[in-house]
Amino acid sequence: MQIEQPFELVLFGGLGDLALRKLLPSLYLLELDHRLPEGNIIAIGRSEVEHKQVVKKIKKAVFTQINSAFQCDKSWQRLAQRLHYVAVDGQRSKDYQKLATILQNDCQNRLFYFATASFLYAEIAQNLHKSKLINRHTKVVLEKPIGHDLASAKAINSAVAEYFEECQIYRIDHYLGKETVQNLMVLRFANSIFESQWNQQYIDHIQITISESLGVEQRAGFYEQVGAFRDMVQNHLLQLLCIVAMEPPAKMESDAVRDEKVKVIKALKPIEGSDIHDNVIRGQYSEGVSEGAIVPGYRDETGVDDQSDTETFVAMKVEIENWRWAGVPFYLRTGKRLAERACEIVVQFKKIPHSIFSMQHKEPMANKLIFRLQPDEGIRLQLCEKKVGSGMQVRPMTLSLNPDAAEQKKATGSAFENNQEKPTATNSAEDRVPEAYERLLFDALASNPTLFLRDDELMHAWDWVDSILAEWKETDDSPEPYTAGSWGPAAATLLMAKDGRLWNDNNER
Ligand code: BG6
């Protein structure tokens, strides 16, 4: 797959948190690997800032994020040469003339990236249209969360759709760009051994955790409006659930994959009324110790209301009403200021019906397939083996499937499927696991929408979460407090314990 050149990438929110922490470092990594053809990157911010200052700020941000082994001045110089900055207030139409002067009239590969609050998307799209900056080749990436409920998501979607066709819209969820998520699809659909077991007959339950050790950081303004449910559950957790639960798509093509994901979302059992209280736990962190330092509670963070009821933690039990998954609970969990930063999917198989061996543990052990997305990406399968020595003692053992790129290179000659894309830098993508945004920015520039969300997928996801959000709005309940640095409120442990199950914490990592 190639990026058509010359390209123009215009980043709204170009000096914002996401651009500086993720988007620009990822563009630098693409540059490092010589994967960007001729083209320009135009960062848009509201304030007038000198070009020199902008470049300095971006370089600092990029090199703060990138491992020193991949910091290369030559690559940076190449990126800096294509960087431009234009001050545009997204809501002021006359500002767009400044942007127009820097863009080529006949560009066949122009990509706008909206990394701003989503209530601005409609106005930005309208102003781009008025300034004649959209043609039939123009694409737009929309950051999540798009809207704050079904009604607002619909409104934003239809406003953007006035100026862009569906095939020009790329709704991003960066979790789909993570290496292990793609490996999960390969593992499921390129091997027959797992797929035959991948159903309610063999699987006891599935748990998906995205835990963060950081707090709300500098994003209180955004987070107060959004909370963990809209920030992480409605998008990242539901997308991971779709990839785990979907039927095999007929082809690895955008609509085939997205059709299957939509079917999963549509089959989610609605959680309504008193079921919400029993199946969805909200928490908020209070003061505690995180990574060796005392940290304030959420309500004491700068920019947070001291009476805030915004949830920083959610755990929930979800069911999928179809033949494959009937009766298999999916436990989802996410939170800030938890014990560690981790993201993993645990597929817990059923126990053997009867054990003929003496086990180390009294209970027969169940097999687990663990997909670790971060840190230290990898896939592990927990099995039982014989303990060496006399007798027939059985003990757990772990098989590791490591996607480490350098190891794969040694084993196969190249981690790249297509030699034309092969980078020439010494420390290149062949020696590291690519960043999620790096992969997705490349795909959007190369017009490959497979890993982006279609409109119906987004709407069904909002539809499903709306009843929960509406119920929370109605009740006076506050989120349950949990100590920063812990694994969340006690109710989250109870959510699984009452089903006789445990979160995969502190062990088996
Ligand atoms: C973002 C959320 O989408 O994902 C952030 O807005 C969160 O609140 C981040 O911290 C987590 O992403 P990652 O890739 O660091 O796990």
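Residues numbered from 1 in each chain as written. Predicted model: local features only at pLDDT ≥ 70, side-chain atom pairs only at ≥ 80, totals over all residues. Heavy atoms only, no water.

Undergrad: Teacher, can you tell me more about the environment of proline 145 here?
TA: Tracing the chain through its elements places proline 145 in the loop between strand 5 (139-142) and helix 6 (150-161). For proline 145, a relative accessible area of 9% gives the class buried. Taking the C-alpha atoms as reference points, proline 145 and leucine 187, 42 residues apart in sequence, are found 29 Å from one another. The contacts of proline 145, once residues within four sequence positions are left out, are Ser118, Phe222, Val226, Arg230 and Asn235. (Helix = DSSP H or I, 4+ residues; strand = E, 2+ residues; numbered from the N terminus. Buried < 20%, exposed > 50% of the residue type's maximum accessible area, 1.4 Å probe, protein only. Contact = heavy atoms within 4.5 Å.)

Undergrad: Before we go on, may I ask you to explain the side chain of threonine 209 in this structure?
TA: Residue position: threonine 209 is located in strand 7 (residues 203-211). Within the structure, threonine 209 has its side chain in polar contact with the side chain of arginine 333 (distance 3.1 Å). Not counting chain neighbours up to four residues away, the residues in contact with threonine 209 comprise Arg333, Ala342, Cys343, Glu344 and Trp503. (Polar contact = N/O pair within 3.5 Å; in protein donor to acceptor, adjacent residues only side chain to side chain.)

Undergrad: Even after reading the chapter, I still don't get the environment of alanine 492, so can you show me in this structure?
TA: Mapped onto the elements of the fold, alanine 492 is located in helix 15 (residues 490-497). Note on alanine 492: relative accessible area 2%, which makes it buried. As a C-alpha pair, alanine 492 and arginine 282 span 210 residues in sequence and 8.5 Å in three-dimensional space.

Undergrad: Looking at this model, I keep getting lost on a nonpolar patch on the surface. Mind explaining?
TA: The grouping of Ile356, Phe357 and Met392 at the surface amounts to a nonpolar patch, some 330 Å² of accessible area in total. Inspection of the secondary structure puts methionine 392 in the loop between strand 16 (378-386) and strand 17 (393-401). Judged by relative accessible area, which is 48%, methionine 392 ranks as partly exposed. (Patch = residues over 30% accessible without salt bridge, like charges linked within 9 Å, V, L, I, M, F, W, Y side chains within 5 Å. Areas by Shrake-Rupley, 256 points an atom, 1.4 Å probe, with all protein chains shown as cover. Salt bridge = Lys/Arg side-chain N within 4 Å of Asp/Glu carboxyl O.)

Undergrad: Looking at this structure, how should I read the nonpolar core?
TA: Generally speaking, a soluble globular protein has its nonpolar side chains buried in company with each other. Ranked by internal contacts, the top residues of the largest apolar core, which has 154 residues, are Leu99, Phe112, Tyr113, Met316 and Phe330. With 14 residues, helix 9 (residues 220-245) is the single largest residue contributor to this core. Excluding its chain neighbours within four sequence positions, the residues that come into contact with methionine 316 are Phe229, Val233, Ile271, Asn279, Val280, Phe330, Tyr331, Leu332, Trp464, Ile468 and Leu495. (Core = buried A, V, L, I, M, F, W, Y, C linked by side-chain atoms within 4.5 Å.)

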